[in-house]
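Structural features, examined
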Amino acid sequence: MGRAASHKPARLPEKLLEIRQQFGLSQNEMLRRMGLGDQLTQAEISAFERGVRTPPLHVLLAYAEAANVYMEALIKDTVDLPEKLPSRKKQDGVERATLSRRKH
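This is a predicted model, so every value here is computed, not measured.

Calculation notes
Residues numbered from 1 in each chain as written. Predicted model: local features only at pLDDT ≥ 70, side-chain atom pairs only at ≥ 80, totals over all residues. Heavy atoms only, no water. Helix = DSSP H or I, 4+ residues; strand = E, 2+ residues; numbered from the N terminus. Buried < 20%, exposed > 50% of the residue type's maximum accessible area, 1.4 Å probe, protein only. Areas by Shrake-Rupley, 256 points an atom, 1.4 Å probe, with all protein chains shown as cover. Contact = heavy atoms within 4.5 Å. Phe/Tyr/Trp six-rings, centres within 6.5 Å; stacked < 30°, edge-to-face > 60°. Lys NZ or Arg CZ within 6 Å of the ring centre and 35° of its normal.

Structural notes on the overall build of the protein
For the protein, the count of helices and strands is six helices and two strands. Split into buried and exposed, the 104 residues of the protein put 37% on the buried side. As displayed, the protein offers around 6700 Å² of accessible surface, 50% of which is attributable to carbon and sulfur atoms.

Shown next as C-alpha cells:
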C-alpha cells in the first residue's frame, strides 16, 4: 500500500523568505533569531525558502512566533502576511482580495 502525497502549501517558501527579508536578516541570523542555530543549518533554511524541503512543525512555529502571526497565516495559500512584520498584534493573516472575489 502506497503512501498518499501530502499537500504542500504552494506559497510557504515565499512567505518564509518574506519574513526573513522584512527583518533584514541573513539566513544564519534568522536561525539565531528563532533560537534554532544549534538545530538547523543555513542550507536547510535555503531549502525551505526555495521550496525544496518543507520545514517541520517546530520550525514553522518559530517563524510564526518571530513574525507574530498564527501558523495558519504561513500555511494557507489564500492568506497574505501582514505588510509589516513582526506584526504589532498577533495576526491570522490577510485574506487575498483576488481569491476572495471568486467566492461571491
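Notes on helix 4 (residues 57–67)
Taken together, the buried positions of helix 4 are Val59, Leu60, Ala62, Tyr63, Ala64, Ala66 and Ala67. On its buried face, helix 4 is in contact with helix 1 (12–23), helix 2 (27–33), helix 3 (42–50) and helix 5 (71–75).

A few points about the packing of aromatic side chains
For the structure on display, the rule yields zero aromatic pairs. Positioned above the aromatic ring of Phe23, the side-chain terminus of Arg33 is 3.8 Å from the ring centre. Of note, Lys90 hangs over the ring of Tyr70, and the distance from its end group to the ring centre comes to 5.1 Å.

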